[in-house]
Amino acid sequence: MRVVMIGSGNVATIFSRLIKKGGHTILQVISKQLPNAKTLATELNCDFSDNYGALNKTADIYIIAINDDSLNKLDNPFSVGDKLVVHTAASVSKSVLQNISANYGVLYPLQSLRKEIPDTVGMPLLIDGNSDHAIQLIQDFALSISPIVSKANDEQRLKLHIAAIIANNFTNHLFSLTEEFCKNEKVDFKLLLPIINETTRRLSTHSPADVQTGPAIRNDDSTIDKHLAILANYPKLKNLYRIITDSIRTNR
Ligand SMILES: NC(=O)c1ccc[n+]([C@@H]2O[C@H](COP(=O)([O-])OP(=O)(O)OC[C@H]3O[C@@H](n4cnc5c(N)ncnc54)[C@H](OP(=O)(O)O)[C@@H]3O)[C@@H](O)[C@H]2O)c1
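Reference entry: report on the structure contained in this document.

Rules behind the numbers
- Residues numbered from 1 in each chain as written.
- Predicted model: local features only at pLDDT ≥ 70, side-chain atom pairs only at ≥ 80, totals over all residues.
- Heavy atoms only, no water.
- Salt bridge = Lys/Arg side-chain N within 4 Å of Asp/Glu carboxyl O.
- Helix = DSSP H or I, 4+ residues; strand = E, 2+ residues; numbered from the N terminus.
- Buried < 20%, exposed > 50% of the residue type's maximum accessible area, 1.4 Å probe, protein only.
- Patch = residues over 30% accessible without salt bridge, like charges linked within 9 Å, V, L, I, M, F, W, Y side chains within 5 Å.
- Areas by Shrake-Rupley, 256 points an atom, 1.4 Å probe, with all protein chains shown as cover.
- Expected span 1.5 Å × (residues − 1).
- Arc of directions from axis to C-beta.
- Contact = heavy atoms within 4.5 Å.

**Details of the pattern of salt bridges**
Oppositely charged side chains may form a pair once their charged atoms are brought near each other.
And then number 1: Applying the stated criterion across every chain yields a total of 11 salt bridges.
And then number 2: Note that Arg17 is salt-bridged to Glu43, the shortest N-O span being 2.6 Å. Of this pair, Arg17 sits in helix H1 (residues 10-21) while Glu43 sits in helix H2 (residues 34-44), placing them 26 residues apart in sequence.
And then number 3: Note on Arg17: relative accessible area 27%, which makes it partly exposed.
And then number 4: A relative accessible area of 42% means that Glu43 is categorised as partly exposed.

What follows is the structure in structure tokens.
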């Protein structure tokens with residue numbers, strides 16, 4: 001397939017590398033800021049622009065990997081007849097593309113992607129399309145860049161996005177606050193890596209509710225009080241500690 005990539009951020013970059021590896025040709029990168037379009041295009045050795053007027057109309061698939069707000073505000077920036085157009089967002093309906101092409105859909109990676117982390121393993125691609133024909137085209141393309149491809153409509157993607165944010169983005173934020181706490185208190189954050197890895201490893205064999213540990217599940221109030229006293233200097237972390245402790249207690 002000949003591909004035009006719209007956007008040059010995390011998803012555009014990771015997708016572009018996988019697409020090239022999958023044997024496809026990237027013709028052009030279009031991005032809002034020319035230097036960013038140029039950076040990705042230089043890596044891919046293709047054309048680039050910041051102007052939809054210069055869009056290469058000879059591609060087979062147009063991938064719009066831009067942030068959700070810009071995607072929602074895309075006001076018919078271009079039209080490509082019946083060429084395949086997809087976006088990569090979970091929480092934006094495929095119908096935002098309905099005036100761009102007769103064949104459109106979604107290619108959503110259910111993975112946390114950062115362009116500076118090229119070796120991310122396992123990327124389920126959730127696909128949708130406006131017709132059986134579009135779904136088939138998107139599925140064939142998706143399978144060439146990941147072995148894990150599933151169908152998910154707008155509503156299912158939205159719900160999975162909420163789940164992914166809670167399970168991934170929120171835990172990563174907790175890791176970030178924990179690292180800051182460890183630095184300030186001069187204890188080694190890296191010593192936590194085995195316990196963090198063990199927690200995620202268990203998920204493939206156990207329900208998380210069945211393997212909860214810690215003072216909240218044991219009702220060790222004296223320990224919780226000690227922790228809250230030390231966290232007095234960290235109001236944000238103290239608040240989260242309280243909320244999550246209550247949540248664990250009321251989940252039994
Ligand atoms: N990162 C993830 O983990 C992840 C995972 C699954 C799905 N997604 C979805 O994928 C989409 C992209 O996310 P991302 O993380 O790649 O975002 P990102 O790294 O912030 O990149 C956003 C890109 O959008 C470009 N852009 C914004 N408005 C534009 C416009 N009108 N025309 C052309 N380019 C425009 C920006 O261009 P400039 O750089 O030139 O300003 C930037 O390259 C989002 O819908 C997101 O929900 C992300």
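Alright, that's what it looks like, and here's the rest.
**Section: a nonpolar patch on the surface**
And then number 1: Taken together, the side chains of Leu158, Ile162, Ile166 and Phe170 define a hydrophobic patch exposed on the protein surface, amounting to about 390 Å² of accessible area.
And then number 2: Structurally, Ile162 is set in helix H5 (residues 154-185).

**Overview of helix H9 (residues 235-249)**
What sets the pattern is the α-helix's 3.6 residues per turn: residues three or four places apart point alike.
And then number 1: Taking 1.5 Å per residue as the helical rise, H9 with its 15 residues ought to reach 21 Å, and the 21 Å between its terminal C-alpha atoms agrees with that figure.
And then number 2: Every buried residue of H9 is listed here: Leu237, Thr245 and Ile248. Projected onto a plane normal to the axis of H9, the buried residues spread over an arc of 70 degrees and lie on a single side. For H9, the exposed residues set more than 90 degrees away from the buried face come down to Pro235 and Lys236.
And then number 3: Against H5, helix H7 (215-218) and helix H8 (221-230) lie the buried residues of H9.

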